[in-house]
Amino acid sequence: MKELLKRTDERKKVRMSSTRRLTFLAFSVAVALVVAFVESMLPSLPIAPGAKLGLSNIAPLFVLIVLGVGDAFTVMILKCLLSATLSGGLTGLMYSLPAGLASLAVETVLMLFVFDRMSIAGISLVGAVVFNAVQLVPASLITGVNLIMLLPFMIAAGIMAGAFTGLLTYYTVKKLPYSVYGQ
């Protein structure tokens, strides 16, 4: 973990050219959109209704690790907006955008303050739990039904999904050549 932290710090010290950075961000958003589209065709996790693995959240977490906070939030916002627009599910935007921003904010705080003591999988796990918990609030308000009773199931789904996406993010950061996103 310390080796990955050291590599991440080295990556952030070397700033990409603006064209290369913009291209990398556009590619990250495109990958997130394709993954979200494919994942939308898969069945929900059996633990909770509508729960997915959230594989498209690998892109903002990856960008958070290699480029920083501002770029990660840009990727998250564009992923949510474009995914909702392209799928025609603009009501889903009311669930995904606040939940995505809240989960990324928590992941950012964890990255800044406890990254040396917590794994990427752990950070992703906490982010997924926050995502699932936060999306229940607008869902309850929109439907007029108290969905808080689903919270334990959504937390369980978040633990499974977050750990899995965190491991995928870890191996992506570790194995992807630095030349892809560095100078």
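Please refer to the structure placed before this passage.
Residues numbered from 1 in each chain as written. Predicted model: local features only at pLDDT ≥ 70, side-chain atom pairs only at ≥ 80, totals over all residues. Heavy atoms only, no water.

**A closer look at the packing of aromatic side chains**
Per the stated rule, a full pass over the model turns up 2 aromatic pairs. Consider the rings of Phe24 and Phe62, whose centres lie 5.9 Å apart with planes at 45 degrees: the pair is tilted. Linking Phe24 in helix α2 (residues 18–40) with Phe62 in helix α3 (residues 58–66), this pair joins segments that are 38 residues apart in sequence. Overall, Phe62 belongs to the buried group, its relative accessible area being 6%. Ring geometry for Tyr170 versus Tyr171: centroids 5.0 Å apart, planes at 75 degrees, classification edge-to-face. On the basis of relative accessibility, which here comes to 46%, the residue Tyr171 falls in the partly exposed class. (Phe/Tyr/Trp six-rings, centres within 6.5 Å; stacked < 30°, edge-to-face > 60°. Helix = DSSP H or I, 4+ residues; strand = E, 2+ residues; numbered from the N terminus. Buried < 20%, exposed > 50% of the residue type's maximum accessible area, 1.4 Å probe, protein only.)

**Side note on the side chain of Ser140**
Looking at the element boundaries, Ser140 is found in helix α6 (residues 120–143). Excluding residues within four positions of it along the chain, Ser140 makes contact with Val145, Asn146, Leu147 and Ile148. (Contact = heavy atoms within 4.5 Å.)

**Re helix α5 (residues 90–114)**
Residues spaced three or four apart along an α-helix face the same direction, because each turn holds 3.6 residues. Here α5 spans 35 Å end to end across 25 residues, near enough to the 36 Å set by a 1.5 Å rise per residue. Lining the buried residues of α5 we find α3, α4 (69–87) and α6. (Expected span 1.5 Å × (residues − 1).)

**Considering the packing of α3 against helix α7 (residues 151–175)**
At a minimum axis separation of 10 Å, α3 and α7 run at an interaxial angle of 45 degrees. For the element pair α3 / α7, the angle class is oblique. In this structure, the crossing between α3 and α7 has a hand that is right-handed. Of the residues in α7, those in contact with Ile58, Leu61, Phe62 and Ile65 of α3 are Thr165, Leu168, Thr169, Thr172 and Val173. When grouped by side-chain class, the residues that make up the contact of α3 with α7 number 6 nonpolar, 3 polar and no charged. (Axes fitted to C-alpha atoms, helices over the stretch in contact; angles between N-to-C directions. Parallel < 35°, antiparallel > 145°, perpendicular 65-115°, else oblique. Left-handed = near helix turned anticlockwise from the far one by under 90°. Nonpolar A, V, L, I, M, F, W, Y, C, P; charged D, E, K, R; others polar.)

**Observations regarding the packing of α2 against α3**
Running from amino to carboxyl end, α2 crosses α3 at an angle of 155 degrees, the nearest separation of the two axes being 9 Å. Classified by the interaxial angle, the pair formed by α2 and α3 is roughly antiparallel. Side by side, α2 and α3 meet where Phe24, Leu25, Ser28 and Ala32 of the first sit next to Ala59, Phe62, Val63 and Val66 of the second. Among the residues making up the contact of α2 with α3, the classes are represented as 7 nonpolar, 1 polar and no charged.

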